[in-house]
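# Remarks on the overall topology
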Amino acid sequence: EQVKGAVVEGPVFFVAQRQLRPPLLLLVFGLLVAYFSGNQGSADPMNSLLTGFAWLSPEAVEAIIIGFRKTVHLSFYAALAVTGLFTAKERTPWPLAVALAWALAHAVFDETRQMHVPGRNGSWWDVLLDAVGMAAGLGLAAWFRRRDRR
């Protein structure tokens, strides 16, 4: 049974029409950026967890945390850019530019907000890392699209 194009059963995410899923996902990504650019996204919780392992040196803990956080930056912004592309492709003649602008705006917001949160420090190097993630995500999306067309 359907109600105005919405699926009645299933999780809330799938209740929306298919064309609304990418914008809803972009909203979720935006909320995650806003949440984790505050104190909740600091390295302190990970540091506390990893220092509990006596066999890890402080240098190893720091390396693990930095590696994990940079991997999250790359992966998150790759996913954000690809989702932005899927959202924009039927709504604008410039989907790639819109996807990059959307993801880059989030990266700049994230780092700018961190500059004003006590205990956090924003870094323009992270914006550059985020841009690399965006490019990697969009490059992979293009590769998969070309591969699937064969």
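The structure displayed is predicted, hence computed values, not measured ones. (Residues numbered from 1 in each chain as written. Predicted model: local features only at pLDDT ≥ 70, side-chain atom pairs only at ≥ 80, totals over all residues. Heavy atoms only, no water.)

### Digging into the packing of aromatic side chains
Rule in force here: We call Phe, Tyr and Trp rings a pair once their centres come within 6.5 Å, taking the six-membered ring for Trp, and we label the pair stacked below 30 degrees between planes, edge-to-face above 60, and tilted otherwise. Any residue under 20% of the maximum accessible area for its type is buried, any over 50% is exposed, and the rest in between are partly exposed; the area is computed with a 1.4 Å probe on protein chains only.
What the rule picks out here adds up to two aromatic pairs. The interplanar angle of 80° and the centroid separation of 5.1 Å between the aromatic rings of F76 and Y77 together place this pair among those described as edge-to-face. Accessibility assignment for this pair places F76 and Y77 in one class, buried. For the ring pair W143 and F144, a centre distance of 4.9 Å and an interplane angle of 70° mean the geometry is edge-to-face. Its relative accessible area of 37% is what places F144 among the partly exposed residues.

### Considerations on the confidence of the model for the protein chain
Rule in force here: Each residue carries a pLDDT score, the predictor's own confidence in it, on a scale running from 0 to 100. Elements are defined by DSSP. Helices are runs of H or I of four residues or more, strands are runs of E of two residues or more, and each kind is numbered from the N terminus. Contacts were defined at the residue level, with two residues in contact if any of their heavy atoms lie within 4.5 Å.
Confidence along the protein chain averages 80 in pLDDT terms, with 85% of residues attaining 70 or more. Within the protein chain, strand 1 (residues 2-3) has the poorest average pLDDT of any element, 46, and helix 5 (residues 124-149) the best, 91. In this model residues 1-10 is a low-confidence stretch, pLDDT under 50, and it forms nine contacts with partners more than four residues away in sequence or in other chains.

### Regarding the packing of helix 4 (residues 95-115) against helix 5
This is how the line gets drawn: Orientation is described by axes fitted as lines to C-alpha atoms, over the contacting stretch for helices, and by angles from 0 to 180 degrees between their N-to-C directions. Every angle not falling under 35 degrees, over 145, or within 65 to 115 is termed oblique; those three ranges are roughly parallel, roughly antiparallel and roughly perpendicular. Left-handed is the label given to a crossing in which the near helix is rotated counterclockwise from the far helix by less than a right angle, and right-handed is the label when the rotation is clockwise. Gly falls in the polar group here, along with every residue not listed as nonpolar (Ala, Val, Leu, Ile, Met, Phe, Trp, Tyr, Cys, Pro) or charged (Asp, Glu, Lys, Arg).
Two elements in contact, helix 4 and helix 5, have axes separated by 9 Å at closest approach and are oriented at 155°. As summarised for this structure, helix 4 and helix 5 are arranged roughly antiparallel, according to the angle between their axes. The way helix 4 lies across helix 5 gives a crossing that is right-handed. The segment helix 4 lies against helix 5, with L96, L100, A103, L104, A107, V108, E111, T112 and M115 engaging W124, D126, V127, D130, M134 and L138. When the residues that make up the contact of helix 4 with helix 5 are grouped by side-chain class, the tally is eleven nonpolar, one polar and three charged.

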